[in-house]
Amino acid sequence: MKKKLFIAVAMMFLPLIVSAQGVKFGYFSYNRILHAMTDYISAERGVADLKAQYDAETKRAEDDFNAKYVEFLEEQDKLAESIRQKRQAELVDLMEKNAAFKEQAKQLISDAERKALAPVRTKLNTAIKEVGKERGYAFILNIDNNGVPFVNSEYGEDATAAIEQKLR
């Protein structure tokens, strides 16, 4: 809440500061450039392949559980009480293991994505800093997620093309 309030106040005074001091700034869409990078596309493809492997294993485990559950339902009336309880406990254990695996897979995929994208983000951030220095910007705004709903082009310039060029 405080962060949003600070940003809102800063954005109100930004045009005054910029015009008073002749400060130059740039703006661009971080996500647009990131998603267009070939390194990003490769990293996402690798993460998608890993996710597909985990999804296949999850499906295999679910199918295995479902088959055992159907088998149990068909036989439960014929089983001795102690055997029925043992099989129910096995099913509960299998269900818990499957749920734990699903959660672990989610975390592993998230970690893999973060690790795969780290060098891509570093490369993009380096390009942004270089463009900022080369063009004499005081700062470069990321206009994603409606964080900056209006930018007056008299005070700043779109740095997207320059950043994209730096990444080539």
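Scroll up to find the structure this text is about.
Being a predicted model, the structure only gives us computed values, none of them experimental.

About the thresholds
Residues numbered from 1 in each chain as written. Predicted model: local features only at pLDDT ≥ 70, side-chain atom pairs only at ≥ 80, totals over all residues. Heavy atoms only, no water. Phe/Tyr/Trp six-rings, centres within 6.5 Å; stacked < 30°, edge-to-face > 60°. Helix = DSSP H or I, 4+ residues; strand = E, 2+ residues; numbered from the N terminus. Buried < 20%, exposed > 50% of the residue type's maximum accessible area, 1.4 Å probe, protein only. Contact = heavy atoms within 4.5 Å. Arc of directions from axis to C-beta. Polar contact = N/O pair within 3.5 Å; in protein donor to acceptor, adjacent residues only side chain to side chain.

Asker: Can you walk me through the packing of aromatic side chains in this structure?
Answerer: Scanning the entire structure with this criterion turns up 4 aromatic pairs. Residues F25 and F139 carry aromatic rings whose centres are separated by 5.2 Å and whose planes lie at 10 degrees to one another, so their mutual orientation is stacked. Of this pair, F25 sits in strand β1 (residues 25–28) while F139 sits in strand β2 (residues 139–142); the two residues are 114 residues apart in sequence, bridging distant segments of the chain. We classify F25 as buried; its relative accessible area is 4%. Of the residues examined, F139 reaches a relative accessible area of 26% and is grouped as partly exposed.

Asker: For this particular structure, what's the right way to read the environment of T160?
Answerer: Here T160 is to be found in helix α5 (residues 160–167). Sequence spacing of T160 and S29 is 131 residues, and the spatial spacing of their C-alpha atoms is 7.0 Å. Apart from the residues within four sequence positions on either side, T160 is in contact with Y27, F28, S29, R32 and I33.

Asker: Can you help me understand α5 in this one?
Answerer: Spacing of three or four residues puts side chains on the same side of an α-helix, whose turn is 3.6 residues. Among all positions in α5, only T160, A162, I163 and L167 are buried. Projected down its long axis, α5 carries its buried residues within an arc of 165 degrees, all on one side. Buried residues belonging to α5 abut β1, α2 (30–36), α4 (81–135) and β3 (156–158).

Asker: What's the story with the side chain of R84 in this structure? I'm lost.
Answerer: Structurally, R84 is set in helix α4. Here L79 takes part through its backbone oxygen, which lies 3.3 Å from a polar atom of the side chain of R84. Here R84 is in contact with F72, Q76, D77 and L79, once residues within four sequence places are set aside.

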